[in-house]
Amino acid sequence: MLHVGIVGVSGFTGLELVKLLLHHPVVSIDYIASRSHIGEPLSSIFPSLNSICDKKIETIDEDRLKGLDVVFLALPHGVSMELACRIHNNVRIIDLSADFRLAKDLYEKWYKTHLCPDLIETAVYGLPELNKGKIKNAQLVANPGCYATASILSILPFLDIIDGDVIVDAKSGVSGAGRSLREDLLFSEVASSFRAYSVAKHRHQPEIQQVLSEIKPVSVTFVPHLLPINRGILATIYAHIPTIYDEAFLFEKLQRFYINEPFIRILKDLPQINNCAGTNFCDISFALDKDNNRLIIISVIDNLLKGASSQAVQNMNIMFGLKEEEGLNLKPYYP
Ligand SMILES: NC(=O)c1ccc[n+]([C@@H]2O[C@H](COP(=O)([O-])OP(=O)(O)OC[C@H]3O[C@@H](n4cnc5c(N)ncnc54)[C@H](OP(=O)(O)O)[C@@H]3O)[C@@H](O)[C@H]2O)c1
């Protein structure tokens, strides 16, 4: 049995972790903590958990983490690193924030001063389809960002044939921003509307560019948009290819790249969010604009699952030598 803790359990990704781990066959959730709601049952914050999980929320206490096999940090960036700096010798960590995803200089350019830059060096970027071998032995896993997951998984298989300039045009549901109150995320601001935000300054841009550039130098333009839906990301990627290939060849190339990956579905039809929401799948498809030497790749994930919590559980499974799919046999919410 794996003994796990979840810190930041009163947030959206914390809730998803609880729901997943309650049904994981070899996991015992021993410790759930958050900043607020101390002593209250989790079901008092999330009534959807009534009769499912009435476990009480505890204070964030590093001593409670000793003896656990792994702790999930579902905290905002900055808060995560403060805790990780103190506990990393005592417990394996899967951090859902951005605190250990970027190299120090890049992190400090896009976020803030890092409290434990040496720890960044030891962290493994937790994209299983890229780093499975390293994740296995990691003490600290930096779970990828949601947009970054959808984007990197789409571009990776074609990286060798594109010419280094990529545009990512991505759309996310509102849960991507977390559960805290924000005026610009009120129902009346979001419903029946559609808008771009953080154009050319979203923090997932350096993450996507850093990960891809470790394989091949690439420059990424990233434009996120807010969809008036709860969950899901659809990313459309525009990449220039100097040589035109046969579509069948490209399809086979994509299939071959992910042949052993249980959570990547290669589609002939174009993917859509409601076929993927509720699962750990990333659905990928592409089209070829031969007249303009343009490869257009489209991918879909659930931002709270493959983009956060179920990917974190996938990482946990790899870290502890379990079957990668353990506890992740999820069915899409459709309709
Ligand atoms: N939402 C997504 O789709 C998504 C996807 C990938 C990664 N992530 C990342 O995952 C992390 C959690 O995201 P989320 O969407 O679950 O956020 P959220 O819904 O806003 O929840 C944040 C959690 O952190 C706690 N918290 C906030 N400020 C704190 C502080 N100063 N000290 C201690 N605890 C604090 C909150 O507790 P209170 O309830 O007491 O405020 C809550 O439990 C973030 O780093 C986010 O960037 C999110």
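Residues numbered from 1 in each chain as written. Predicted model: local features only at pLDDT ≥ 70, side-chain atom pairs only at ≥ 80, totals over all residues. Heavy atoms only, no water.

Description of the overall build of the protein chain
Right, on to step 1. Helix and strand counts for the protein chain stand at twelve helices and 13 strands.
Right, on to step 2. Over its C-alpha atoms the protein chain spans a radius of gyration of 19 Å, differing by no more than 12% from the 20 Å that the globule rule assigns to 335 residues.
Right, on to step 3. In terms of its C-alpha atoms, the protein chain occupies a principal-axis envelope of roughly 60 × 45 × 40 Å.
Right, on to step 4. With 335 residues in all, the protein chain has 54% of them scored as buried.
Right, on to step 5. Summarising the internal contacts of the protein chain: among those between residues at least 6 apart in sequence, 70% fall at separations of at least 24.
Right, on to step 6. On the protein chain, roughly 14600 Å² of surface is accessible, and the fraction owed to carbon and sulfur atoms is 51%.
Right, on to step 7. When the 32 positive and 38 negative side-chain charges of the protein chain are each reduced to one mean point, those points stand 1 Å apart. (Helix = DSSP H or I, 4+ residues; strand = E, 2+ residues; numbered from the N terminus. Rg over C-alpha atoms; globule rule 2.2 N^0.38 Å. Buried < 20%, exposed > 50% of the residue type's maximum accessible area, 1.4 Å probe, protein only. Contact = heavy atoms within 4.5 Å. Areas by Shrake-Rupley, 256 points an atom, 1.4 Å probe, with all protein chains shown as cover. Lys, Arg positive; Asp, Glu negative; His and termini not counted. Charge placed at Lys NZ, Arg CZ, Asp CG, Glu CD.)

What to know about the site of the ligand
Right, on to step 1. What surrounds the ligand is a group of 27 residues, the closest being Ser-10, Thr-13, Arg-35, Ser-36 and Leu-75.
Right, on to step 2. Interatomic distance of 2.6 Å between a side-chain N/O atom of Ser-10 and an oxygen atom of the ligand.
Right, on to step 3. A distance of 3.5 Å separates a nitrogen atom of the ligand from a polar atom in the backbone of Gly-176.
Right, on to step 4. Coverage of the ligand by the protein amounts to 80% of the 900 Å² it exposes when considered alone.
Right, on to step 5. Assessed atom by atom at 2 Å from the grid points, the ligand resides in the largest pocket.
Right, on to step 6. When grouped by side-chain class, the residues that make up the shell around the ligand number eleven nonpolar, 13 polar and three charged. (Near = heavy atom within 4 Å. Polar contact = N/O pair within 3.5 Å; in protein donor to acceptor, adjacent residues only side chain to side chain. 1 Å grid on protein atoms, 1.4 Å probe; cavity = no way out; pocket = protein on both sides within 12 Å on 5 of 7 lines; lining within 4 Å. Sits in = over half its atoms within 2 Å of the grid points. Nonpolar A, V, L, I, M, F, W, Y, C, P; charged D, E, K, R; others polar.)

With respect to the packing of aromatic side chains
Right, on to step 1. According to the stated counting rule, one finds six aromatic pairs in the structure shown.
Right, on to step 2. Ring geometry for Phe-257 versus Tyr-258: centroids 4.9 Å apart, planes at 85°, classification edge-to-face.
Right, on to step 3. For Phe-257, a relative accessible area of 39% translates into the label partly exposed.
Right, on to step 4. When the centroid spacing of 6.2 Å and the interplanar angle of 55° are considered together, the rings of Phe-263 and Phe-281 count as tilted. Within this pair, whereas Phe-263 is found in the loop between helix 11 (247-257) and strand 11 (264-266), its partner Phe-281 is found in the loop between strand 11 and strand 12 (282-289), the two being separated by 18 residues in sequence.
Right, on to step 5. Exposure remark for Phe-263: the relative accessible area of 4% places this residue in the buried category.
Right, on to step 6. In this arrangement the basic side chain of Lys-268 is found over the ring face of Phe-251, its NZ or CZ atom lying 4.7 Å from the centre. (Phe/Tyr/Trp six-rings, centres within 6.5 Å; stacked < 30°, edge-to-face > 60°. Lys NZ or Arg CZ within 6 Å of the ring centre and 35° of its normal.)

Some remarks on unusual backbone geometry
Right, on to step 1. Across the junction of Tyr-334 and Pro-335, the peptide omega takes the value 0°, indicating a cis bond.
Right, on to step 2. Structurally, Pro-335 is set in the segment after helix 12 (309-319).
Right, on to step 3. Positive phi values are uncommon outside glycine, yet His-37 reaches one of about 60°.
Right, on to step 4. Along the chain, the position of His-37 falls in the loop between strand 2 (27-33) and helix 2 (42-45).

Side note on the environment of Thr-243
Right, on to step 1. Note that Thr-243 resides in the loop between strand 10 (233-240) and helix 11.
Right, on to step 2. Note: C-alpha distance between Thr-243 and Ile-45 (198 residues apart in sequence) is 55 Å.

Quick look at the packing of helix 7 (residues 128-136) against helix 12
Right, on to step 1. Helix 12 packs onto helix 7 with a crossing angle of 40° between their chain directions and a minimal axis gap of 9 Å. Between helix 7 and helix 12, the interaxial angle falls into the category oblique. Viewed along their axes, helix 7 and helix 12 form a crossing whose handedness is right-handed. In this structure, helix 7 contributes Pro-128, Glu-129, Lys-132, Ile-135 and Lys-136 to the contact, and helix 12 contributes Gln-311, Gln-314, Asn-315, Ile-318 and Met-319. (Axes fitted to C-alpha atoms, helices over the stretch in contact; angles between N-to-C directions. Parallel < 35°, antiparallel > 145°, perpendicular 65-115°, else oblique. Left-handed = near helix turned anticlockwise from the far one by under 90°.)

Examining the sheet that holds strand 1 (residues 2-7)
Right, on to step 1. Strand order in this open sheet of six strands is 2-1-3-4-6-5, and the pairing throughout is parallel. This sheet does not close on itself; its edge strands, each paired only once, are strand 2 and strand 5 (124-125).
Right, on to step 2. Bridging between strand 3 (residues 70-73) and strand 4 (residues 92-95) involves four bridges; their strand directions are parallel. The residue bridging Phe-72 from the neighbouring strand is Ile-94, located in strand 4.
Right, on to step 3. Sheet strands in contact with helix 12 are strand 1, strand 2, strand 3, strand 4 and strand 6 (140-142), and its direction is about 155° off that of strand 4. (Pairing = 2+ DSSP bridges.)

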